[in-house]
Amino acid sequence: MRASPVVTPSLRRVELFERIRREADASGLTGLGVCSVEPFDQTRQDIIAANSSGRAASLTFTFSNPERSSDVRSSFPWAERLVVAAHAYLPTAGSPGAAAPGTGRIARFAEDDHYRPLRGGLHRIGELLRSGGHRAEVLADDNRLVDRAAAVRAGVGWWGKSTMVLVPGAGPWVLLGSVVTDTLLPVTAPMRRSCGACDACLPACPTGALVAPGILDASRCLARWAQAPGWIPEEYRALMGDRIYGCDDCLEACPPGDRVLAAAVEPAGRVDVVALLGADDDELRDRFDRFYIPRNDVRHLRRNALIVAGNSRDRAMVDAVAPFVEHSDPMLRGHAAWALGRLGGEKAATALAVLRHDRDPAVAAEAAAATAGTLG
Ligand code: B12
Ligand code: SF4
Ligand code: SF4
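Since the structure is predicted, the reported quantities are computational estimates derived from the model, not experimental observations.

Visitor: Please explain the sheet that holds strand S4 (residues 136-139) as it appears in this structure.
Guide: Two orientations exist for strands paired in a sheet by backbone hydrogen bonds: parallel and antiparallel. Taken together, the four strands give an open sheet; going across it, the order is S1-S2-S7-S4, and neighbouring strands pair in antiparallel fashion. Each edge of the open sheet carries a strand with a single partner, namely strand S1 (30-36) and S4. Each adjacent strand pair in this sheet contributes to an overall mean axis angle of 20°, direction not counted. Bridge analysis of S4 against strand S7 (residues 174-181) gives four bridges, and the strand direction is antiparallel. When the bridges of S7 are listed, Glu137 appears paired with Val180. Against the sheet, helix H5 (residues 115-131) contacts S1, strand S2 (81-88), S4 and S7, and its axis sits at roughly 20° relative to S7.

Here is the structure:
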């Protein structure tokens, strides 16, 4: 009788890791790493500092409970390792290209559901672990883990000065996620890479939201404003340009992403602003259900579209904007007033006149300020 080979538990874990790597490759995931679940102390401190300084801009997500989001064991007491992976979305995302008349832009990560292939790959890794008798939970864009902290610790990428995690071969154009497991897989080493002397993303930010290398003031970030509840402050409206959702400027400026960016030229990520303004709630929900929108309330999309219409300076947009002066929602009446002021002309002035004595003082004030624009 032949003796069976002696398989130590650690050898089994190395083999398991290799199987996970093959599954990640087969699922099209980019980069794979494993890290410990020690609390992310520095991240917790950074979140607390961002909350208390106002840099977190009342964001919820991971910010609402720093103790939980920086310590995965507070949600999964059995956790021993995080298997972390990235999905490089540019090859399929395409490009919204230069500003095109009548259209608004969606950031590349959101022009399609690029989280689906990431979550699909992570779920297959989870199944593989479970089939071996281990526990496994997928976390991607979840409030219980800061994905970038896990990716940096696992050596999937390095922290860029834009606060993006950059991955070799893909730069910042990746989405990140993890599988929490109770098996002691071998850990992978963090990357010994940094941005070096480059700081191209800092001046590329249209609002100066990158206040120092690696520090984002979310209260200035256009990606945050596009998904914020309520009125968008006047100072950010012109800066939103043609952005309906998200912002890619600090990613586009990032040299490690240049090569993949240059290859992603298939037109994608442009929406017709007039059609968006004319769409009903169900149509908007169906089409954009992948967006994070406060309370899933599509009024916020209309608000953004009104801003984009105003920024177009295209008077043909007046007909699509003018009906909003009769809207029941003061936020939309107020943003319509601003847009009409930007668009100018007689028709816009006539529509604005309706709002000069609006029952909501904030709307009336917008209309008064905007009227000056239509006369200019
Ligand atoms: C809240 C949130 C936002 C907020 C705030 C972003 C932020 N910087 O925190 C807003 C709405 C603004 C946002 C915008 C975007 N987001 Co977002 N967001 C998140 C979310 C839900 C939580 C992020 C978080 O917890 N931040 C905590 C703070 C403390 O982290 P941080 O700002 O990165 O701070 C670190 C750095 O400052 C670093 N650091 C400190 N000092 C220094 C010094 C130097 C020199 C350096 C290099 C670093 C450094 O240490 C800090 C952590 O300890 C995650 C999903 C998740 N669950 O993790 C996605 C996530 C971060 N977002 C993502 C994406 C794609 C985006 C956008 C690109 C979308 C877009 N195109 O519009 C933009 C990018 C804006 C930017 N430059 O960061 C991806 C990022 C993937 C990647 N490659 O990094 C994530 C990971 C989602 C995912 N699962 O893939 N997002
Ligand atoms: S996403 Fe846009 S606004 Fe936000 S930091 Fe990057 S460039 Fe600035
Ligand atoms: S633009 Fe330069 S400094 Fe900014 S994240 Fe990319 S490599 Fe780093």
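Visitor: Quick question: what am I supposed to make of the nonpolar core here?
Guide: The nonpolar side chains of a soluble globular protein tend to be buried, and buried together. One finds Leu277 and Val321 to be the most contacted residues of the largest nonpolar core, which totals 49 residues. With eight residues, the top contributor of residues to this core is helix H16 (residues 330-343). The contact partners of Leu277, leaving out residues within four places of it in the chain, are Arg302, Ala305, Leu306, Ala309, Ala320, Val321 and Phe324. Phe17, Leu175, Leu202 and Cys250 belong to the second largest nonpolar core, which has 40 residues in total.

What counts, and where the lines are drawn
Residues numbered from 1 in each chain as written. Chains lettered and ligands numbered in written order. Predicted model: local features only at pLDDT ≥ 70, side-chain atom pairs only at ≥ 80, totals over all residues. Heavy atoms only, no water. Pairing = 2+ DSSP bridges. Helix = DSSP H or I, 4+ residues; strand = E, 2+ residues; numbered from the N terminus. Axes fitted to C-alpha atoms, helices over the stretch in contact; angles between N-to-C directions. Contact = heavy atoms within 4.5 Å. Core = buried A, V, L, I, M, F, W, Y, C linked by side-chain atoms within 4.5 Å. Buried < 20%, exposed > 50% of the residue type's maximum accessible area, 1.4 Å probe, protein only.

Function cannot be inferred from these measures alone, as they are strictly geometric.
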